[in-house]
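# Results of the structural survey
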Amino acid sequence: ICYYSAGSAENWRSDYGSFSSSDKGEGLQGWAGENWLNIRSNNVLNVMKKRIDLASQKGCDAIDPDNMDAYDNGGGGFSLTQDDSVKYLKSMASYAAAKGMSTGLKNAQAILGDVLSNVQFAINEECAVTEDTKCSEYDSLLSAGKALFHIVSYSADISTTSTNNM
């Protein structure tokens, strides 16, 4: 599974210069050098297609497009909506499928119902280690016989990290 940020521009990536200034919006809170992207932009989609091409060339079986939830983060400076994310993800999933790759949905549970037929799995970084009920938001995915992967990122000192819900 090949990861890439589909919803943000990261100034340390080699293709950062491919984004126009009008493609880049507000900074992601807590992530210096990273800005939300205008996912309505044809240029942004074309950059992502190149990232999917690279994933295919590297032999990836699937793509993991991250930061698909600008709608839940103030719209990224572009007033982006859930519908924008749905259209964008469907475009990337269709492109990836034409290259024989599956597509996952990461941390954008609000659009899962609208993209369930376009994704083959989901990746979550939140519900397995928090006290909330976000895991139940994936019930439709699991009922459809699709996989849900939980990724837990730890600090360098994992002895201080809570794992109550793992």
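Before going into details, it helps to say that this report is about the structure given with it. A quick note: this is a predicted structure, and the numbers were derived from the prediction, not measured.

## Considerations on the packing of helix α1 (residues 42-57) against helix α2 (residues 82-98)
Packed helix pairs are specified by the crossing angle of their axes together with the interaxial distance, meaning the distance between the axes. Two elements in contact, α1 and α2, have axes whose closest approach is 10 Å; the angle formed by their N-to-C orientations is 35 degrees. Remark: the crossing between α1 and α2 carries right-handed chirality. Listed contacts from α2 to Val44, Leu45, Met48, Lys49, Ile52 and Asp53 of α1 are Tyr88, Ser91, Met92, Tyr95 and Ala96. Tallied by class, residues from the contact of α1 with α2 come to 8 nonpolar, 1 polar and 2 charged.

## Considerations on the packing of aromatic side chains
In the structure shown here, the tally under the stated rule is 1 aromatic pair. Relative to Phe149, the ring of Phe121 has its centre 5.8 Å away and its plane inclined at 70 degrees; by these criteria the two rings are edge-to-face. Residue Phe121 is found in strand β7 (residues 121-124), and its partner Phe149 is found in strand β8 (residues 147-150); the two are separated by 28 residues along the sequence. By relative accessible area, which is 5% here, Phe121 ends up buried. On the basis of relative accessibility, which here comes to 38%, the residue Phe149 falls in the partly exposed class.

## Considerations on the nonpolar core
Grouped together as the largest cluster of nonpolar side chains are 39 residues, with contacts concentrated most on Met48, Tyr88, Met92, Leu105 and Leu141. Listing elements by their share of this core, those giving two or more residues are β1 (2-5), β4 (34-37), α1, α2 and α3 (112-115). Of all the elements, α1 adds the most residues to this core, at 6 residues. Discounting residues that sit within four places of it in the chain, Met48 has contacts with Tyr4, Ser5, Ala6, Phe19, Leu37, Tyr88 and Met92.

## A closer look at the layout of surface pockets
Considered as a void within the structure, the largest pocket measures approximately 600 Å³ in volume. Lining the largest pocket are 25 residues, with Trp31, Asn67, Asp69, Asn73 and Glu126 sitting closest to its centre. Mapped by element, the contributors of at least two residues to the lining of the largest pocket are β3 (24-27) and β4. Here the second largest pocket defines a volume of roughly 310 Å³. Forming the walls of the second largest pocket are 15 residues, and the residues nearest its centre are Tyr3, Tyr4, Asp15, Arg51 and Leu54. Per-element tally for the lining of the second largest pocket: the top contributor is α1, with 5 residues. Here the residues of the lining of the second largest pocket are counted per class, giving 6 nonpolar, 3 polar and 6 charged.

## Comments concerning the state of the cysteines
Enumeration over the complete set of coordinates arrives at 1 disulfide. Sulfur-sulfur distance for the disulfide between Cys2 and Cys60 comes to 1.5 Å. In this pair, Cys2 sits in strand β1 while Cys60 sits in the loop between α1 and β5 (62-66), placing the two residues 58 residues apart along the sequence. Taking the relative accessible area as the measure of exposure, Cys60 reaches 14% and is therefore buried.

How each quantity is defined
- Residues numbered from 1 in each chain as written.
- Predicted model: local features only at pLDDT ≥ 70, side-chain atom pairs only at ≥ 80, totals over all residues.
- Heavy atoms only, no water.
- Axes fitted to C-alpha atoms, helices over the stretch in contact; angles between N-to-C directions.
- Helix = DSSP H or I, 4+ residues; strand = E, 2+ residues; numbered from the N terminus.
- Left-handed = near helix turned anticlockwise from the far one by under 90°.
- Contact = heavy atoms within 4.5 Å.
- Nonpolar A, V, L, I, M, F, W, Y, C, P; charged D, E, K, R; others polar.
- Phe/Tyr/Trp six-rings, centres within 6.5 Å; stacked < 30°, edge-to-face > 60°.
- Buried < 20%, exposed > 50% of the residue type's maximum accessible area, 1.4 Å probe, protein only.
- Core = buried A, V, L, I, M, F, W, Y, C linked by side-chain atoms within 4.5 Å.
- 1 Å grid on protein atoms, 1.4 Å probe; cavity = no way out; pocket = protein on both sides within 12 Å on 5 of 7 lines; lining within 4 Å.
- Points joined across faces, edges and corners; volume = space filled by probe spheres on them.
- Disulfide = S-S within 2.5 Å.

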